[in-house]
Amino acid sequence: MESAIIKADDVNVYYGSHLAVSGVNLAINTNQITAFIGPSGCGKSTVLRCFNRLNDLIAGARVEGKITFGKHDLYDSQIDPVAVRRRIGMVFQRPNPFPKSIYENIAFGPRINGFKGSKSDMDDLVERSLKQAAIWEEVKNKLGESGLALSGGQQQRLCIARAIAVEPEVILMDEPCAALDPISTLRIEELMTELKQRFTIVIVTHNMQQASRVSDMTGFFNTELDKRGQRTGKLVEIDRTQVIFSSPKQTATEEYVSGRFG
Ligand SMILES: Nc1ncnc2c1ncn2[C@@H]1O[C@H](COP(=O)(O)OP(=O)(O)OP(=O)(O)O)[C@@H](O)[C@H]1O
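Bear in mind the structure is a predicted one, so any value in this text is a computation, not a measurement.

1. Concerning the overall build of the protein chain
Then, number 1: Of the regular secondary structure elements, the protein chain holds 10 helices and 10 strands.
Then, number 2: In summary, the protein chain has a C-alpha radius of gyration of 19 Å against a globular reference of 18 Å for 262 residues, a match within 12%.
Then, number 3: Principal axes of the C-alpha set define a box for the protein chain whose edges measure 60 × 40 × 35 Å.
Then, number 4: Summing over all exposed atoms, the protein chain offers an accessible surface of approximately 12,400 Å²; the carbon and sulfur share of this is 49%.
Then, number 5: Across the protein chain, 32 positive and 31 negative side-chain charges occur, with their mean positions spaced 2 Å apart.

Pasting the structure below:
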């Protein structure tokens, strides 16, 4: 049974006076991977950032419409955006470990979120998170070394472990493999498939093969030009990945996934 964990109702996002994305309606299903695809500048990352209120940190960014997370209105004035970001974590395009030890990269988040356990409980949490992110075997003998000394692919798995350590419900991934080689990319894709048993994942990707390999649902975004020559992103359609890649309803989607445009 599919159940939605995040819903967007008629969402518009502005940067200053620029309407960057308009009229987005979608549902993100629990324990599924949803991929956002589409040409550059169509608003995929903008919509992704709405889901954990990261756009709040961008001066001039404004979100209209309604986004619900479970039963909560994410943009209600009572909602603490920091608490939202603990429950809806994010992994970025460039791996960005803290300039700290591998151990501390994992322990830091739980600690600032009020982790009350003993040192050995923290050791267990660090080990469990690194195991879930499929990097434990590679780092178990050097937990005290800097996270920055790892390879790019290992750093990205460390960042995924860091995101997992605070036990979020949703993990947002903004082109998580863009800076990685094909082997590291495959590792991350396999990892995502394992992680969806426990988490809900939303991924922005430029790589259509990746979307078709890993995701259950795919949303195709595109841009429209208004009279003033400004581009506004739209969600053209969202459906099961197999439908989007084999028999989408919209011609623009068909043209994009078959490589005839974009
Ligand atoms: N921080 C920002 N300040 C102002 N405008 C922004 C900002 N971030 C994005 N935009 C604008 O919003 C629109 C959508 O950008 P966004 O990065 O969400 O698209 P995208 O589909 O993720 O693109 P890409 O695939 O190139 O990463 C673009 O016109 C972009 O210039």
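2. Digging into the site of the ligand
Then, number 1: If you check the shell around the ligand, you find 15 residues, and the closest are S40, K44, S45, T46 and H206.
Then, number 2: Between an oxygen atom of the ligand and a main-chain N or O atom of C42, the distance comes to 3.1 Å.
Then, number 3: Within the contact set of the ligand, an oxygen atom lies 2.8 Å away from a side-chain nitrogen or oxygen of S45.
Then, number 4: Computed on the free molecule, the ligand has an accessible area of 640 Å², of which 66% lies beneath the protein chains in the complex.
Then, number 5: Secondary-structure elements contributing two or more residues to the shell around the ligand are β2 (18-29) and α1 (44-50).
Then, number 6: Tallying contributions element by element places α1 first for the shell around the ligand, with four residues.
Then, number 7: Grouping the constituent residues of the shell around the ligand by class yields five nonpolar, seven polar and three charged.

3. What about the environment of M122?
Then, number 1: Its place among the elements puts M122 in helix α4 (residues 119-132).
Then, number 2: By relative accessible area, which is 5% here, M122 ends up buried.
Then, number 3: Between the C-alpha atom of M122 and that of A107, which follows or precedes it by 15 residues, the distance is 6.9 Å.
Then, number 4: Aside from chain neighbours lying at most four places away, what touches M122 is Y103, A107, P110, R111 and F115.

4. Focus on the UniProt feature "domain: ABC transporter" (unreviewed entry) in the protein chain
Then, number 1: In this numbering, the UniProt entry assigns the feature "domain: ABC transporter" (unreviewed entry) to residues 6-248.
Then, number 2: Along residues 6-248 the backbone is 35% helical and 29% strand, and the end-to-end C-alpha distance reaches 23 Å.

5. Regarding the pattern of salt bridges
Opposite charge on two side chains permits them to pair, given that their charged atoms come into close proximity.
Then, number 1: Scanning all chains against the criterion turns up 14 salt bridges.
Then, number 2: One salt bridge in this structure joins E138 and R187, with 3.8 Å as the shortest N-O distance. Separated by 49 residues along the polypeptide, E138 in helix α5 (residues 136-139) and R187 in helix α7 (residues 182-195) bring together distant segments of the chain.
Then, number 3: The partly exposed category is assigned to E138, whose relative accessible area is 30%.
Then, number 4: Put simply, K196 and D216 hold a salt bridge, and the shortest N to O gap is 3.0 Å. With K196 in the loop between α7 and β8 (200-204) and D216 in the loop between α8 (208-214) and β9 (217-225), this pair connects stretches of sequence that are 20 residues apart.
Then, number 5: Judged by its relative accessible area of 18%, K196 is buried.

6. Observations concerning α4
Then, number 1: A rise of 1.5 Å per residue sets the reference length of α4, with its 14 residues, at 20 Å; its end C-alpha atoms lie 20 Å apart and thus fit the reference within 8%.
Then, number 2: Inspection of α4 places M122, L125, V126, S129 and L130 among the buried residues, and these make up the whole buried set. Angular distribution of buried residues about the axis of α4 spans 125°; they occupy a single face of the element.
Then, number 3: Of the surrounding secondary structure, the elements contacted by the buried residues of α4 are α3 (102-112), α5 and α6 (152-165).
Then, number 4: Note on α4: the residue one or two positions beyond its end, A134, has a positive phi of about 55°.

7. Focus on the packing of aromatic side chains
The description of an aromatic ring pair rests on the distance of the ring centres and on the angle between the ring planes.
Then, number 1: Going through the model one piece at a time under the given rule, you end up with four aromatic pairs.
Then, number 2: By way of ring pairs, the aromatic residues F36, F51 and F221 are connected into one cluster.
Then, number 3: Taking the ring centre of F98 as reference, the NZ or CZ of R162 above it sits at 4.2 Å.

Parameters and conventions
- Residues numbered from 1 in each chain as written.
- Predicted model: local features only at pLDDT ≥ 70, side-chain atom pairs only at ≥ 80, totals over all residues.
- Heavy atoms only, no water.
- Helix = DSSP H or I, 4+ residues; strand = E, 2+ residues; numbered from the N terminus.
- Rg over C-alpha atoms; globule rule 2.2 N^0.38 Å.
- Areas by Shrake-Rupley, 256 points an atom, 1.4 Å probe, with all protein chains shown as cover.
- Lys, Arg positive; Asp, Glu negative; His and termini not counted.
- Charge placed at Lys NZ, Arg CZ, Asp CG, Glu CD.
- Near = heavy atom within 4 Å.
- Polar contact = N/O pair within 3.5 Å; in protein donor to acceptor, adjacent residues only side chain to side chain.
- Nonpolar A, V, L, I, M, F, W, Y, C, P; charged D, E, K, R; others polar.
- Buried < 20%, exposed > 50% of the residue type's maximum accessible area, 1.4 Å probe, protein only.
- Contact = heavy atoms within 4.5 Å.
- UniProt positions renumbered as here; feature names shortened; annotations may be inferred.
- Salt bridge = Lys/Arg side-chain N within 4 Å of Asp/Glu carboxyl O.
- Expected span 1.5 Å × (residues − 1).
- Arc of directions from axis to C-beta.
- Phe/Tyr/Trp six-rings, centres within 6.5 Å; stacked < 30°, edge-to-face > 60°.
- Lys NZ or Arg CZ within 6 Å of the ring centre and 35° of its normal.

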